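Residues per chain are reported as follows:
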Amino acid sequence: MIENEEEDEEQRRERILAEENGQDLGAALGVALGLASTLLEDEDPLLQEEGPAFTM
């Protein structure tokens, strides 16, 4: 956390609230991106199983 000896109580409350909101936003984005990634990976499993048909 950022500590500032010159901030008053209202500024301190606003800073703490902004930090909490930033953490909440980061968590929400992480969950949304994780869900989107999972959905995209599971979208078409046949395409993932098929690879180039190389024979030797």
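A few points on the structure. Computed from a prediction, not measured in an experiment: that's the story for all the values here.

Parameters and conventions
- Residues numbered from 1 in each chain as written.
- Predicted model: local features only at pLDDT ≥ 70, side-chain atom pairs only at ≥ 80, totals over all residues.
- Heavy atoms only, no water.
- Helix = DSSP H or I, 4+ residues; strand = E, 2+ residues; numbered from the N terminus.
- Buried < 20%, exposed > 50% of the residue type's maximum accessible area, 1.4 Å probe, protein only.
- Areas by Shrake-Rupley, 256 points an atom, 1.4 Å probe, with all protein chains shown as cover.
- Polar contact = N/O pair within 3.5 Å; in protein donor to acceptor, adjacent residues only side chain to side chain.
- Expected span 1.5 Å × (residues − 1).
- Salt bridge = Lys/Arg side-chain N within 4 Å of Asp/Glu carboxyl O.

1. As for the overall build of the chain
Working step 1: Helix and strand counts for the chain stand at two helices and zero strands.
Working step 2: Evaluated residue by residue, the chain yields a buried proportion of 4% over its 56 residues.
Working step 3: A total accessible area of about 5400 Å² is found for the chain, and carbon and sulfur atoms account for 58% of it.

2. Notes on the side chain of Glu7
Working step 1: By the secondary structure assignment, Glu7 is in the segment before helix H1 (9-41).
Working step 2: Accessibility expressed as a relative area gives 18% for Glu7, which makes it buried.
Working step 3: A distance of 2.9 Å separates the side chain of Glu7 from the side chain of Arg15, its partner in a polar contact.

3. A look at H1
Working step 1: Under the 1.5 Å per step criterion, the end-to-end length of H1 is 48 Å for 33 residues, consistent within 8% with the ideal 48 Å.
Working step 2: Its side-chain oxygen placed 3.2 Å from the backbone nitrogen of Glu10, Asp8 serves as the N-cap of H1.

4. Here we look at the pattern of salt bridges
Working step 1: One pass over the full model with this rule turns up four salt bridges.
Working step 2: Between Glu7 and Arg15 there is a salt bridge, with its nearest N and O atoms 2.9 Å apart.
Working step 3: A salt bridge links Glu9 to Arg12; the nearest nitrogen and oxygen atoms lie 3.9 Å apart. Placement of both Glu9 and Arg12 in helix H1 is noted, with a separation of three residues, approximately one turn of the helix.
Working step 4: With relative accessibility at 46%, the residue Glu9 sits in the partly exposed group.
Working step 5: Residue classification places Arg12 among the partly exposed positions, given a relative accessible area of 38%.
Working step 6: Shared partners join several salt bridges into a network, and the residues in it are Glu7, Arg15 and Glu19.

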